[in-house]
Amino acid sequence: MPVADRRVHPRYHLRLAVTLRGDNNFYTGVSSDISEGGIFIATQYMLPIGTPVVMQFHISRFGADLTLRGTVRWIRAPEAMARGGEVFGGAHVTDVKPGMGVQFDEMGPEEARIIREFMRCRTPELFD
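Note that the structure is a prediction, hence the values are computed from the model and not measured. (Residues numbered from 1 in each chain as written. Predicted model: local features only at pLDDT ≥ 70, side-chain atom pairs only at ≥ 80, totals over all residues. Heavy atoms only, no water.)

Caption draft 1: Up close: the confidence of the model for the protein. Per-residue confidence for the protein gives a mean pLDDT of 81, with 77% of residues at or over 70. Throughout residues 1–5 the model reports pLDDT below 50, and contacts reaching past four residues in sequence, or to other chains, amount to one contact. (pLDDT = per-residue confidence, 0-100. Contact = heavy atoms within 4.5 Å.)

Here it is, written out as structure tokens:
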């Protein structure tokens, strides 16, 4: 199914450092957007789709350190950088980065509240 047909949650721009634990290793990346359903992490270290991960990041606006469990749902390989606009059905995209889309699996009420409060302060960019 095309990505546009699967999007149900608005995405919000969020650029911050993310540490991942998955596949018995530690990885780092930089988020580019977040939604109630998950987060995109730009990184050169791709994990296979279906890999469970633990993510840690800090949302400074709320002074919150979050640790969330998730699952890698899709990857954007480094070759995507060369294709640019072709990555999203021909749309013109200039800032294409390799990385992983991670779906949130488990989120406590406090983490969910912080993410909802963050999104309430922002304007949606894309739809997830």
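Now that the structure is up, let's keep going.
Caption draft 2: Spotlight on helix α3 (residues 109–120). The terminal C-alpha atoms of α3 lie 16 Å apart, and with 12 residues this matches the ideal 16 Å at 1.5 Å per residue to within 8%. Every buried residue of α3 is accounted for by Ala 112, Ile 114, Ile 115, Phe 118 and Met 119. Viewed end-on, α3 has its buried residues packed into an arc of 160 degrees, placing them on one side of the element. More than 90 degrees from the buried face of α3, the exposed residues found are Pro 109 and Arg 120. Looking at the buried side of α3, the elements it contacts are β1 (10–13), β3 (25–34), β5 (52–59), β6 (64–76) and β7 (99–106). (Helix = DSSP H or I, 4+ residues; strand = E, 2+ residues; numbered from the N terminus. Expected span 1.5 Å × (residues − 1). Buried < 20%, exposed > 50% of the residue type's maximum accessible area, 1.4 Å probe, protein only. Arc of directions from axis to C-beta.)

Caption draft 3: Here's a closer look at the environment of Ser 35. Considering the arrangement of structural elements, one finds Ser 35 in the loop between β3 and β4 (38–42). A polar contact of 3.0 Å, which involves the side chain of Ser 35, links it to the backbone nitrogen of Gly 37. (Polar contact = N/O pair within 3.5 Å; in protein donor to acceptor, adjacent residues only side chain to side chain.)

Caption draft 4: Seen up close, unusual backbone geometry. Positive phi outside glycine occurs at Asp 23, with the angle close to 60 degrees. Relative to the helices and strands, Asp 23 resides in the loop between β2 (17–22) and β3. Given a relative accessible area of 47%, Asp 23 falls into the partly exposed group. For Asn 24, which is not a glycine, the phi torsion comes out positive at approximately 60 degrees. Relative to the helices and strands, Asn 24 resides in the loop between β2 and β3.

Caption draft 5: Main features of the packing of aromatic side chains. Tallied over the full model, the rule gives two aromatic pairs. For the ring pair Tyr 27 and Tyr 45, a centre distance of 6.0 Å and an interplane angle of 45 degrees mean the geometry is tilted. Taken together, the positions of Tyr 27 in strand β3 and Tyr 45 in the loop between β4 and β5 put the pair 18 residues apart, joining distant regions of the chain. Taking NZ or CZ as reference, Arg 76 lies 4.6 Å from the ring centre of Phe 40, over its face. (Phe/Tyr/Trp six-rings, centres within 6.5 Å; stacked < 30°, edge-to-face > 60°. Lys NZ or Arg CZ within 6 Å of the ring centre and 35° of its normal.)

Caption draft 6: Seen up close, the pattern of salt bridges. For the coordinates displayed, the defined rule picks out three salt bridges. Between Glu 110 and Arg 113 there is a salt bridge, and its shortest N-O distance comes to 2.6 Å. Here Glu 110 and its partner Arg 113 are both found in helix α3, three residues apart, which amounts to about one turn of the helix. Judged by relative accessible area, Arg 113 falls into the partly exposed class, the value being 37%. The shortest N-O distance in the salt bridge between Glu 117 and Arg 120 comes to 2.4 Å. (Salt bridge = Lys/Arg side-chain N within 4 Å of Asp/Glu carboxyl O.)

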